[in-house]
Amino acid sequence: MNQAPKLRVVVAGGGTAGWMAAAALANTLGSVIDLTLVESDAIGTIGVGESTIPPLLLFNRLLGINEAEFMRATQATFKLGIKFENWKDVGESYFHSFGAAGKDHWSAGFQHFWLSGLKRGHLDSYDEYSLELKAALEGKFAHLPDDRMNYAYQLDSALYAQFLRKKAEGDGAKRIEGRIVQVELDSASGDIAALLLDGDRRIEGDLFLDCTGFRALLIEGALHAGFDDWTHYLPCDSAIAVQTASVRPAIPYTRAIAHDSGWQWRIPLQHRQGNGIVYCSRYLDREAALERLLGSVEGTVLTQPNVIAYRTGVRRKQWHRNCVAMGLSGGFMEPLESTSIHLIQRAVLRLIRMLPGGPVSQRDVTEFNEQTFTDMEQIRDFLILHYKVTNRRDSAFWRQCAEMAIPDSLEQKIELFRETARVFRKNEELFAENSWIQVMLGQGIMPNSHHPVADKLRQDELDRFLTALRSSVSETVAGLPQQMDYISGYCAAKEEAPA
Ligand code: FAD
């Protein structure tokens, strides 16, 4: 019996996007597709992207990855959230933690009960009701029964790509080292027919994944899918990254420290710390940004500064003809909430669900693009919130942020919360209610009212309810080990990885 020819999938690029895509496709469909990845060591990867969010656990689980092995291989630490410093005002900070605070009632979220409590003498901050937040600030972590602690990872991106490469190759993916010098289009259909590599090599395929990073060689260079610029909402356009030696045990969270023209990150790994400055080149030049970064890092600098210019926005068509953009080739919305690796994960899993059995269906393409665009718009709104809602007016950058027009979708969310304390999550939105609540409160929005159901509780009932929740958080945190002690028993990387 004649077997149908296997779908030939070609992944162009071997950064985090390329290897996540290759590892997932090989693991799920390795025996029914022909999978090739082309990458160029000479060109290299972007070399950043080290802070993640909880859905990555699901990705790893789907691939059958052992967590301790993965953490050892990538020098990973646990991440319970992000501490935002100087965002609402210079000298003030707040925490966006993973997981939920308190306990919701079906009719109203916990924030309504907390607000009712504030009115009736319970003056504790909202933070007191978040297990992940309290554990993070004490530097603690452990796996808890019933997955009670929500977490993600802080990892070394180069080691993560290597780890995934091993996995993908083990599942049958072929890797070709080479530089793509041309993308050959089929003259009749306009689809991509092949990648032409240096050394006169030609790689044919049926479906191509553009994982070439900001270059976007296939989706834009060859297919001109178009780009929606979002710089008017997210004005930072430059970053510089350096790695430093650790000077203290790694904390289980990422720091995002605002400055007068953007912000800085600190991502603690087992063997070193990742640091970077993100800024708007209209207000800060490269030399000044570098000086500020190097003047503020702790520990010996281990790497040359990695200077990255970018444009915030999204590729108009993520899937166009027989090419799907993944990773930075599909767009970039700045790293403030660590969402880019997650968008790769969503794109890969979405593609697997829609993988064509034969010729590409335009209906799949339309569906894929609409779903991806919704994801990106929702994340964009969440990011803008951090810049727009602030008391800072101390620099031209922050004044621009305060004055900028924002999307109606975000305006509606902010005003709804301000008036009623309500937040609604739409269409499988990535950031759940508690994320919006923490950032809106943290950036300085205090709701004017709350749900009447919370005021129906008698004072003694409310006292018991809030006290029990707070005690449960503090008792659980008291029993947790320091994260580095936990890591040393669970997943300590054997040797220091080279910087
Ligand atoms: P790249 O890493 O650039 O890989 C591109 C690949 O294509 C490379 O293998 C390259 O060699 C190959 N290639 C390019 N041209 C050719 C050619 N002609 N021939 C052959 N091969 C070629 N994301 C997060 O989730 N968390 C973060 O904390 C985070 N921080 C970030 C900070 C900054 C400043 C920036 C800019 C991004 C950050 N990101 C973060 C995003 C994250 O870095 C990327 O989403 C992720 O690394 C994926 O990149 P990529 O694989 O798309 O591109």
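Residues numbered from 1 in each chain as written. Predicted model: local features only at pLDDT ≥ 70, side-chain atom pairs only at ≥ 80, totals over all residues. Heavy atoms only, no water.

(A) Highlighting the nonpolar core. The biggest cluster of nonpolar side chains holds 68 residues, and the ones touching the most others in it are Leu25, Leu35, Tyr153, Leu209, Met326 and Leu351. The element best represented in this core is helix H1 (residues 16–29), accounting for ten residues. Split by domain, the residues of this core number at least three in each of domain 1 (7–50 + 156–230 + 312–360) and domain 2 (99–149 + 381–478). Leu351 has contacts with Leu207, Leu209, Trp319, Val324, Met326 and Phe368, leaving out every residue within four places of it along the chain. (Core = buried A, V, L, I, M, F, W, Y, C linked by side-chain atoms within 4.5 Å. Buried < 20%, exposed > 50% of the residue type's maximum accessible area, 1.4 Å probe, protein only. Helix = DSSP H or I, 4+ residues; strand = E, 2+ residues; numbered from the N terminus. Domains from an automatic or database assignment. Contact = heavy atoms within 4.5 Å.)

(B) Local environment of the domain arrangement of the protein. Per the domain assignment, the segments making up the protein are domain 1 (7–50 + 156–230 + 312–360), domain 2 (99–149 + 381–478) and domain 3 (238–309). Domain 1 and domain 3 are separated by 28 Å when their C-alpha centres are compared. Each side of the interface is counted separately: domain 1 has nine residues, and domain 3 has 13 residues. It is Val48, Glu50 and Asp156 in domain 1 that bury the most area against domain 3; as a group they hold 49% of the surface buried on that side. (Buried area = accessible area lost by both parts, 1.4 Å probe.)

(C) Quick peek at unusual backbone geometry. In this structure, Asp147 is a non-glycine residue whose phi angle is positive, near 50°. Looking at where Asp147 falls in the secondary structure, it is placed in the loop between helix H5 (131–137) and strand S6 (152–154). A positive phi angle, near 55°, is found at Ser338, a position not held by glycine. We classify Ser338 as buried; its relative accessible area is 7%.

(D) How the structure looks around the packing of aromatic side chains. Following the criterion strictly, the structure yields 33 aromatic pairs and no others. Measuring from centroid to centroid gives 5.9 Å for Phe84 and Trp87, while their planes differ by 85°, and the two rings are edge-to-face. For the pair formed by Phe84 and Trp87, the shared burial category is buried. Taken together through their ring pairs, the aromatic side chains of Phe70, Phe78, Phe141, Tyr151, Tyr153, Tyr160, Phe163, Tyr486 and Tyr490 make up a single cluster. The ring of Trp230 has Arg380 lying over it, and the distance from NZ or CZ to the ring centre is 4.7 Å. Here the guanidinium or amino end of Lys413 rests over the ring plane of Trp436, the centre of that ring lying 4.4 Å away. (Phe/Tyr/Trp six-rings, centres within 6.5 Å; stacked < 30°, edge-to-face > 60°. Lys NZ or Arg CZ within 6 Å of the ring centre and 35° of its normal.)

(E) Representation of the sheet that holds strand S18 (residues 313–315) within the structure. In spatial order, the strands read S12-S18-S21; together these three strands make up an open sheet with antiparallel pairing. Each of the sheet's edge strands pairs with one partner strand only, and the pair in question is strand S12 (227–229) and strand S21 (331–332). Taken together, the three bridges between S12 and S18 define a ladder with antiparallel strand orientation. Paired with Asp228 across the two strands is Val314, which belongs to S18. (Pairing = 2+ DSSP bridges.)

(F) Seen up close, the site of the ligand. Close contacts around the ligand come from 34 residues, with Gly14, Ser51, Ile180, Leu328 and Ile341 the closest. The backbone of Gly15 places a nitrogen or oxygen atom 3.4 Å from an oxygen atom of the ligand. The contact in question runs from an oxygen atom of the ligand to an N or O atom on the backbone of Ile46, over 3.1 Å. Of all elements in the fold, only H1 and helix H9 (340–353) reach the threshold of two or more residues within the shell around the ligand. Counting residues per element, the shell around the ligand draws most heavily on H9, which supplies three residues. Residue composition of the shell around the ligand, by class: 15 nonpolar, 15 polar and four charged. Among the domains, domain 1 (7–50 + 156–230 + 312–360) and domain 3 (238–309) are the pair contributing at least three residues each to the shell around the ligand. (Near = heavy atom within 4 Å. Polar contact = N/O pair within 3.5 Å; in protein donor to acceptor, adjacent residues only side chain to side chain. Nonpolar A, V, L, I, M, F, W, Y, C, P; charged D, E, K, R; others polar.)

(G) Examining the side chain of Glu334 more closely. Position of Glu334 among the secondary structure elements: in the loop between S21 and H9. For the buried residue Glu334, which engages in no salt bridge, the nearest side chain bearing the opposite charge is Lys79, 12 Å off. Here Tyr387 takes part through its side chain, which lies 2.6 Å from a polar atom of the side chain of Glu334. The residues contacting Glu334, other than those within four sequence positions of it, are Cys236, Trp263, Tyr310, Thr339, Leu383 and Tyr387. (Lys, Arg positive; Asp, Glu negative; His and termini not counted. Salt bridge = Lys/Arg side-chain N within 4 Å of Asp/Glu carboxyl O.)

(H) Layout of the side chain of Asn434. Its place among the elements puts Asn434 in helix H13 (residues 433–443). The exposure class assigned to Asn434 is buried, which follows from its relative accessible area of 8%. Apart from the residues within four sequence positions on either side, Asn434 is in contact with Gly99, Ala100, Ala101 and Tyr126.

(I) Just the packing of H1 against helix H6 (residues 157–170), in detail. Between H1 and H6, whose axes approach to 8 Å, the crossing angle comes to 25°. When the axes of H1 and H6 are compared, the pair comes out roughly parallel. Both H1 and H6 take part in a crossing whose hand is left-handed. Across the interface between the two elements, Thr16, Trp19, Met20, Ala22, Ala23, Ala26 and Asn27 from H1 touch Ser157, Tyr160, Ala161, Leu164, Arg165, Lys167, Ala168 and Glu169 from H6. Looking at side-chain class alone, the contact of H1 with H6 contains nine nonpolar, three polar and three charged residues. (Axes fitted to C-alpha atoms, helices over the stretch in contact; angles between N-to-C directions. Parallel < 35°, antiparallel > 145°, perpendicular 65-115°, else oblique. Left-handed = near helix turned anticlockwise from the far one by under 90°.)

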